[in-house]
Amino acid sequence: MKTSTKAQLFAAAFCVLGAFAMPAQADADGLRAKHVELREQLRNNNFQRAMHVDSSEANGMLQGDVYAVIDHPFSKVSRALKQPAAWCDIMLLPFNTKLCQPTNGGAGLHVKIGRKYNQPVEQAYGLDFGFRNVAANANYLETRLDAPQGPVGTRDYRIVVSAVPVEGGKTFMHMRYSYGYGTMGKLAMNAYLSTAGADKVGFSLTGKDANGKPQPIDGVRGAIERNAMRYYLAIDAYLDTMDLPPEQQVEKRIQAWFTATERYPRQLREMDRSTYAAMKRQEYERQTTASLN
């Protein structure tokens, strides 16, 4: 092969690789810029930690966003969140997740979500998430889970986690949870908000009430913020316990998640600790048994 031809092939290959690298670099730069933008909110808030929560509703889509500085090095965060099996341990922590199993050789997750915490797994709704690592290099991680269909007219479920290293050996993470809805989904949400979710609120603030107290957002945006926070706290609990001896991890993880949710009882309290722990021990046991068969 002529030298000029080789040079042309190398140049073409470089351009192709560059085309893939540039979006990831842009996303990493954007997340670092967000960290700078939110510096004051991360420092001064009511979360008892470096965190910011927001949400949006537009064009039949709901989205909840959690930004947080995590007390774990980026290499550990990246190593954990690249693995589908780790995501099943994470996804099982929220109270209404009944089962999670990797599928398609790790390219997907089958998750069962109950309408109520005590709903039998056989009656829970199944979501089939695709799983992929969009970017995983020394300075940026982005992992996505996508499910095209959900219960009662909902669709396009997405969980996206992106992270960059920051000063002090820590990690800045953005966790986005979103889904779309149609008429049936809207009716189901309104029914929930008028019954079981009537007294629930979210985390972002809309102003102050008549007594001058901060007023958290409610309605559908409050609901999406609660779900986003539950998933974020599950990630945090997993990272906090992943280096423990294997026989201790599940119990410590269960207790860590519940303790974290109890910091925000108005938003996240659904049951007492003993009820939650007993339920999750059973569900982790079922998940372990299923993975061995």
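Relevant structure appears above.
Everything numeric here is computed off the predicted structure, so don't read it as measured data.

This part takes up the packing of aromatic side chains. The way to describe two aromatic rings as a pair is by their centre distance and the angle between their planes. Applying the stated rule across the entire model yields 10 aromatic pairs. A ring pair is formed by Phe47 and Tyr264, whose centres lie 6.1 Å apart and whose planes are at 70 degrees; its orientation type is edge-to-face. Residue Phe47 is located in the loop between α2 (39–43) and β1 (51–58), and its partner Tyr264 is located in the loop between α7 (246–261) and α8 (265–268); the two are separated by 217 residues in the primary sequence. Owing to a relative accessible area of 10%, Phe47 belongs among the buried residues under this scheme. Assessed through its relative accessible area of 4%, Tyr264 is described here as buried.

According to the stated counting rule, one finds one cavity of 30 Å³ or more in the structure shown. One number sums up the size of the largest cavity: a volume of about 60 Å³. Along the walls of the largest cavity sit Phe95, Trp257, Phe258, Thr261, Glu262, Leu268, Arg269, Glu270, Met271 and Tyr276, which together make up its complete lining. With three residues, the single largest contributor to the lining of the largest cavity is α7.

Moving on: the layout of surface pockets. The volume enclosed by the largest pocket comes to roughly 1,200 Å³. Every residue lining the largest pocket is counted, 40 residues in all, and those nearest its centre are Asn96, Gly114, Arg115, Tyr192 and Asn227. If one sorts the elements of the lining of the largest pocket by residue count, helix α6 (residues 219–241) sits on top with eight residues. Classifying every residue of the lining of the largest pocket gives 25 nonpolar, nine polar and six charged. One number sums up the size of the second largest pocket: a volume of about 430 Å³. Taken together, 19 residues line the second largest pocket, and the ones lying closest to its centre are Asn46, Phe47, Phe203, Leu205 and Gln267. Looking at the lining of the second largest pocket, the elements that each hand over two or more residues are β1, β10 (214–216) and α8. Class assignment of the residues belonging to the lining of the second largest pocket gives a composition of nine nonpolar, eight polar and two charged.

This next bit is on the pairing of strand β2 (residues 61–70). For β2, a buried count of seven out of 10 residues is recorded, marking the element as mostly surrounded by other parts of the structure. As defined by bridge partners, β1 adjoins β2 across eight bridges and the pair is classed as antiparallel. Across the sheet, residue Met51 finds its bridge partner in β2, namely Ala68. Taking the residues that link successive antiparallel strands as the turn, the β1-β2 hairpin has two residues, and the phi of Asn59 there is positive, at about 55 degrees.

Ranked by size, the top nonpolar core spans 64 residues in total, and within it Trp87 and Met229 carry the most contacts. With 12 residues, α6 is the largest single contributor of residues to this core. In this view, Trp87 contacts Leu81, Leu109, Phe131, Thr143, Leu145, Ile159, Val161 and Ile235; residues no more than four positions away in its chain are not counted. The next biggest cluster of nonpolar side chains, apart from the first, holds 10 residues, and it includes Leu31, Leu38, Tyr67 and Val164.

Procedures and definitions
Residues numbered from 1 in each chain as written. Predicted model: local features only at pLDDT ≥ 70, side-chain atom pairs only at ≥ 80, totals over all residues. Heavy atoms only, no water. Phe/Tyr/Trp six-rings, centres within 6.5 Å; stacked < 30°, edge-to-face > 60°. Helix = DSSP H or I, 4+ residues; strand = E, 2+ residues; numbered from the N terminus. Buried < 20%, exposed > 50% of the residue type's maximum accessible area, 1.4 Å probe, protein only. 1 Å grid on protein atoms, 1.4 Å probe; cavity = no way out; pocket = protein on both sides within 12 Å on 5 of 7 lines; lining within 4 Å. Points joined across faces, edges and corners; volume = space filled by probe spheres on them. Nonpolar A, V, L, I, M, F, W, Y, C, P; charged D, E, K, R; others polar. Pairing = 2+ DSSP bridges. Core = buried A, V, L, I, M, F, W, Y, C linked by side-chain atoms within 4.5 Å. Contact = heavy atoms within 4.5 Å.

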